[in-house]
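# Structural overview
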Amino acid sequence: MTVACPLLDGVATATVGVDSGGPGGASHGGGNKNANKNKKRQRQYSHQKNAQRQHALRDLTQILAPFQKAGTDTRALPYNWQAADEKTAPWTGLNGVHGVDNKSWDKQVVRDPAPGTAASAAADPAADPAVDPAADPPANPVVGAQPVPTPVPMRTTGTGDYTLTWDDRNAQGNTYGDLIQGLRQDLRFTPPGYSYTKVSELLAGSLPGGPFANRRCPAPMEDSGALVTPQGERVRNVVDWFCLAPEDATGMWTPQGISGTWDSTAQGTAYDDTARAFVFTWHGPANNSSRVTFLNEVGVGPFNHYQHVLLVNPFKDASGPVSFDPMRIHAGGVVWYHQYLLIADDNREHPENNGILVFDLRDLFDLGLSAVSDITNTGRPIGLHNGTYYSQGNRYVLPLRGIWRPQVTGVRCASMSSPPCFGYLGLDRSTSPPSVLTGEWCDPRQPTPTCRPASPQAAAPTGRVARYRMAPDTSACDRGCLAYGTDDRARATAAYTQPTPWTQGGISWNGLYQFTMSNNKVATLGRRYDAVPGQPPVPHFAARGVQELYWHRSTQPPILWSITEGEGVKNRVLYGVNPWIS
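Residues numbered from 1 in each chain as written. Predicted model: local features only at pLDDT ≥ 70, side-chain atom pairs only at ≥ 80, totals over all residues. Heavy atoms only, no water.

## Details of empty space enclosed by the protein
For the record, the criterion: Cavities and pockets were defined on a 1 Å grid built from protein atoms only: a cavity is a group of points that admits a 1.4 Å probe but offers it no way out, a pocket is an open group of points flanked by protein on both sides within 12 Å along at least five of seven lines, and a lining residue is one with an atom within 4 Å of any such point. Grid points are joined across faces, edges and corners, and a volume is the space filled by probe spheres set on the points. Per the convention used, a helix needs a DSSP run of H or I reaching at least four residues, while a strand needs a run of E reaching at least two, with both numbered from the N terminus. Polar here means any residue other than Ala, Val, Leu, Ile, Met, Phe, Trp, Tyr, Cys and Pro, which are nonpolar, and Asp, Glu, Lys and Arg, which are charged; Gly is therefore polar.
This model, assessed by the stated rule, comprises four cavities of 30 Å³ or more. Considering only enclosed or pocket space, the largest cavity measures out at about 100 Å³ in volume. In this structure, the largest cavity is lined by 16 residues; those nearest its centre are Val235, Arg236, Arg528, Phe541 and Val577. Of all the secondary structure elements, the ones that give two or more residues to the lining of the largest cavity are β27 (538-542), β28 (546-552), β29 (559-564) and β30 (573-577). Partitioning the lining of the largest cavity into residue classes produces nine nonpolar, four polar and three charged.

## With respect to the packing of aromatic side chains
To keep it simple, the criterion reads: Note on aromatic pairs: the rings of Phe, Tyr and Trp (six-membered ring only in Trp) are paired at centre separations within 6.5 Å, and the planes decide the class, stacked below 30 degrees, edge-to-face beyond 60, tilted for the rest. Only protein chains enter the area calculation, which uses a 1.4 Å probe; residues under 20% of their type maximum are buried, those over 50% are exposed, and those in between are partly exposed. To sit over a ring, a charge needs its Lys NZ or Arg CZ within 6 Å of the ring centre and within 35 degrees of the ring normal.
Taken as a whole, this structure holds 17 aromatic pairs when the rule is applied. Ring geometry for phenylalanine 278 and tyrosine 550: centres 5.9 Å apart, planes at 80°, overall edge-to-face. Separated by 272 residues along the polypeptide, phenylalanine 278 in strand β7 (residues 277-283) and tyrosine 550 in strand β28 bring together distant segments of the chain. We classify phenylalanine 278 as buried; its relative accessible area is 2%. Seen in terms of ring centroids, tryptophan 404 and tyrosine 484 are 6.0 Å apart; in terms of plane orientation they differ by 45°. Their pairing is tilted. With a gap of 80 residues between them, tryptophan 404 in strand β18 (residues 396-406) and tyrosine 484 in the loop between β21 (464-469) and β22 (489-491) connect regions that are remote in the sequence. The ring of tryptophan 282 has arginine 291 sitting right over it, with the charged end atom 4.3 Å from the ring centre.

## Remarks on the side chain of threonine 438
The following threshold applies: In this description, contact between two residues means that some pair of their heavy atoms is separated by no more than 4.5 Å.
Along the chain, the position of threonine 438 falls in strand β20 (residues 435-439). Excluding residues within four positions of it along the chain, threonine 438 makes contact with Tyr162, Phe422, Tyr424, Leu425, Arg464, Val465, Ala466 and Tyr468.

## So, the confidence of the model for the chain
Threshold: What pLDDT reports is the predictor's confidence in each residue, on a scale of 0 through 100.
Mean pLDDT for the chain: 79, with 71% of residues reaching 70 or above. Considering only residues more than four positions removed or in separate chains, one finds that residues 1-41, a stretch of pLDDT under 50, has 48 contacts. Segment residues 43-133 is flagged for pLDDT under 50; beyond a separation of four residues in sequence, or across chains, it makes 139 contacts in the model.

## Some remarks on helix α4 (residues 176-186)
Looking only at α4, the buried set comprises Tyr176, Leu179, Ile180, Gly182, Leu183 and Arg184. Close packing links the buried residues of α4 with β3 (163-167), β9 (303-316), β10 (322-326), β14 (365-366), β17 (388-390) and β18. Of the residues flanking the end of α4, it is arginine 188, one or two places downstream, whose phi is positive at about 50°.

## Observations concerning unusual backbone geometry
What is expected of a backbone is that most residues other than glycine have negative phi and most peptide bonds are trans. Note the cis peptide between threonine 190 and proline 191, where omega equals 5°. By secondary structure assignment, the location of proline 191 is in the loop between α4 and α5 (199-205). In this structure, the amide linkage connecting serine 432 to the following residue, proline 433, adopts the cis form with an omega of 0°. Look at asparagine 386: it is not a glycine, yet its phi comes out positive at around 55°.

## Considerations on the environment of glycine 158
Note on placement: glycine 158 falls in the loop between α3 (118-123) and β3. When the C-alpha positions of glycine 158 and threonine 497 are compared, they lie 9.7 Å apart, and in sequence the two are 339 residues distant. If we ignore the near neighbours within four places in the chain, the residues touching glycine 158 are Arg452 and Ala495.

## Here we look at the sheet that holds strand β16 (residues 383-385)
The criterion, for reference: The pairing criterion for strands is at least two bridges between them, as found by DSSP.
Taking strand neighbours across the sheet as the criterion, the three strands line up as β15-β17-β16 in an open arrangement whose pairing is mixed. Lying at the two open borders of the sheet, with one neighbouring strand each, are β15 (373-374) and β16. Summarising the sheet, β16 and β17 pair through three bridges and their orientation is antiparallel. Opposite leucine 384, over in β17, you have tyrosine 389 as the bridge partner.

## What to know about the pattern of salt bridges
As a reminder of what qualifies: The rule for a salt bridge is simple: a side-chain nitrogen of Lys or Arg has to be within 4 Å of a carboxyl oxygen of Asp or Glu.
Going through the model one piece at a time under the given rule, you end up with 15 salt bridges. Among the salt bridges present, the one from aspartate 363 reaches arginine 184, with a minimum N-O distance of 3.5 Å. Residue aspartate 363 is located in the loop between β13 (355-360) and β14, and its partner arginine 184 is located in helix α4; the two are separated by 179 residues in the primary sequence. Here the two residues aspartate 363 and arginine 184 agree in accessibility, since each one is buried. Beyond isolated ion pairs, a larger network of salt bridges with shared partners links Asp161, Glu440 and Arg464.

## Regarding the side chain of threonine 293
Here is the rule we go by: Throughout this description, a polar contact denotes any pair of N or O atoms lying within 3.5 Å of each other; where both atoms belong to protein, one of them has to be capable of donating a hydrogen while the other can accept it, and for residues adjacent in sequence the pair is counted only when both atoms sit in side chains.
Position of threonine 293 relative to the elements: it lies in strand β8 (residues 290-296). Overall, threonine 293 belongs to the buried group, its relative accessible area being 0%. A polar side-chain atom of threonine 293 sits 2.7 Å from a polar atom in the side chain of tryptophan 282. Side-chain polar atoms of threonine 293 contact the side chain of histidine 308, separated by 2.6 Å. If we ignore the near neighbours within four places in the chain, the residues touching threonine 293 are Phe278, Val279, Phe280, Trp282, Tyr306, Gln307 and His308.

Now the structure itself:
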């Protein structure tokens, strides 16, 4: 079937093919020896064909919907637009998966045993061990791309390196709490009783001026977009996505981590607020600045408002007033828990900030309300100069509250007992109390390995991932809500090696881990791995330049969101996938 879609500069043709041939992939031997086995495979084949048809209809919908919106006042077609009742299928109903409850991972994902394992051999000794219907096929080779490493099982490792201490003082010995209180006074806000800006107020503050994200814009689904390749690979089970405004799709800022209000509270709204939003982090050139962006989940048509907030490091100016510098961090990961943003940093240029940084959203300041701030000047350095505060055009700033730092010292991530690198963060609300994962990004091409190997005999390092407990939802907390003992130290409850190097994000749900890997944000699709400690990881395609992960719990089981760092409207996206469909 061929559909012509009018574009601004011509006609795009979308071709949807439905295969009427036999099963694809490698053949399973011994078909005549076991009739029941043949029936099982026929059912699997039928399910796969139904899934292919559903994918084809869904992709056609994604192509047609933007043009339909542009040309008429009608709404986007639902995924099951061919159904008589014209209701959108729930995420848990896509691809023939119905009634999935919040069960343990092994009951949510129905798969054949992993290939090459004892369970696989026992279930079907004649099966081809190279074929796993739950996994994406190997990617077509791309000239100039780094090879995709073979994933290895997660292995238990020591937690001793992951003992953290709380540091709430800057290099001059001032507490961040005192500095923030002084800054609140020195900024001379109007009205005088102003304390801070809530996220809901921030998201409403600059409407209708924007900026806006474009929900389900077609570019990422086109050839060479973030979610597909010209060679035919595609990210499967994508349920939603956003493109950023053109001015944020390129330029000096690079996105990294992602979280949202479904991390902040159990009910999915911001703590002590009504906002429902995503939050994602960015670093500037050479990690010399950083910011966070709040994206409103509630849109106006296909557009959703978002707002940037500059992260700052307060200090006492020699002349007396409190000033601030840009926060010089990589901002590789973020978790929004209660009123706090926890941000991971492994910045090599400014190692003094390495660890898990804590920002309190009750310190979010609107400089537009300050009598001594200039938010229109983009050329002056950030901070207080000649009695005026400058922020290089940023209306909102969020100052640092403190840092959770590793106790061990030495060359980071280089040995079996060394300071860990905090490359990402991911919240797991399936545990009680909730817990947070943090892991390392490793590059095996470096002359000196930057992270520990997957095993003492392994040639290439993969890095570690550790888990910490958070304070319960029902209790007030401080220091970012990371649980700590009577000695004021936070200790990891578990640590593992990761499946691959170049790990950008990690998260878990009911014992099933998810990791993203990207070693090239231009040439090839990334990878997402389902992993259970001690078992072979299962690979899936992820977006080009994929970064961190976030569970959006508006449905059960939850949807897995990520963000990409590539440049261009088609390559820089937030997107969600249903990882429970095999």
